[in-house]
Each structure stands twice: as C-alpha cells, then as structure tokens.
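Understanding the architecture of this molecule
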Amino acid sequence: MLLPTMTELDHRMTADHDWAEHAPEVQQNPYHYGKFVVVYNQRILAAGTDRQSLVEQAAEQVGVPWQHLVVTIVPSPDLLEIPH
C-alpha cells in the first residue's frame, strides 16, 4: 500500500509542531504555562486560553487559513511533578 505524499504544507506544519513541542521559547516561557500557543513558520503568533479567538486572530495577522496554523498546549511545570 502506498502512503500519500506529504505536501509542502504538511512538511511545514510537522516542522512547526516539532519545533513548538521542543523550543525553549515555547515550552519554558512562564506566560505560556497552561495556555494554547499558536505557531506558524516556527514563530509564536499568540498565546492564551481562548483557542478559537487566538487562531482566528493569528490567521488574520499572517494572512493564511486557520487550518495552516499549529496550536499546542504548554503544560505547567507544576503539573509534571509526580507526588511521592
């Protein structure tokens, strides 16, 4: 079975997702903890708690459809600690 070929958009969105999941400027910024972060071309466009509003504003800002944006949730470091 042949897998579909990834488009340029697929490649960019995958790269944006990978970057957002590992970039210190996304994951280690206390302002982002517990919030949605919108990314496009490895650039942070917005962060906040209202996903729909953030995505709509960010899409308008860069002039692309909202479906071309990557959104990640940045966990609070407090939530990552395992109680003993």
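See the structure printed just above.
This write-up is about the structure you can find in this document. (Residues numbered from 1 in each chain as written. Predicted model: local features only at pLDDT ≥ 70, side-chain atom pairs only at ≥ 80, totals over all residues. Heavy atoms only, no water.)

Read from one edge to the other, the open sheet built from three strands follows the order β2-β1-β3, with strand pairing classed as antiparallel. Taken across any chain shown, the strands that pair with only one partner, and hence form the sheet edges, are β2 (43-48) and β3 (70-74). Direction aside, the axes of adjacent strands within the sheet are offset by 30° on average. Inspection of the sheet shows strand β1 (residues 35-40) paired to β3 by five bridges, in the antiparallel sense. If you follow V39 over to β3, its bridge partner there is V70. Packed onto the sheet, helix α3 (residues 51-62) meets β1, β2 and β3 and runs at close to 150° relative to β2. (Pairing = 2+ DSSP bridges. Helix = DSSP H or I, 4+ residues; strand = E, 2+ residues; numbered from the N terminus. Axes fitted to C-alpha atoms, helices over the stretch in contact; angles between N-to-C directions. Contact = heavy atoms within 4.5 Å.)

Okay, the nonpolar core next. Counting ten residues, the largest nonpolar core is built from V38, Y40, L45, A46, L54, V55, A58, A59, V64 and L69. Broken down by element, the residue count for this core peaks at four residues, all from α3. Those residues in contact with A58, other than ones at most four positions away along the chain, are V38, L45 and L69. W19, A20, V37 and V74 belong to the second largest nonpolar core, which has eight residues in total. (Core = buried A, V, L, I, M, F, W, Y, C linked by side-chain atoms within 4.5 Å. Buried < 20%, exposed > 50% of the residue type's maximum accessible area, 1.4 Å probe, protein only.)

A positive phi angle, near 55°, is found at N41, a position not held by glycine. With respect to the element layout, N41 can be found in the loop between β1 and β2. Note on N41: relative accessible area 45%, which makes it partly exposed. Phi angles above zero are rare outside glycine, and Q42 is one such case at about 55°. Inspection of the secondary structure puts Q42 in the loop between β1 and β2. Its relative accessible area of 41% is what places Q42 among the partly exposed residues.

For α3, built from twelve residues, the straight-helix expectation of 16 Å at 1.5 Å per residue is met to within 8% by its first-to-last C-alpha distance of 17 Å. Residues L54, V55, A58 and A59 constitute the buried set of α3. Axial view of α3: buried residues confined to an arc of 125°, hence all on one face. Of the residues in α3, the exposed ones pointing more than 90 degrees away from the buried face are Q52, Q57 and E60. Next to the buried residues of α3 lie β1, β2 and β3. Immediately downstream of α3, the backbone of G63 shows phi near 75°, a positive value. (Expected span 1.5 Å × (residues − 1). Arc of directions from axis to C-beta.)

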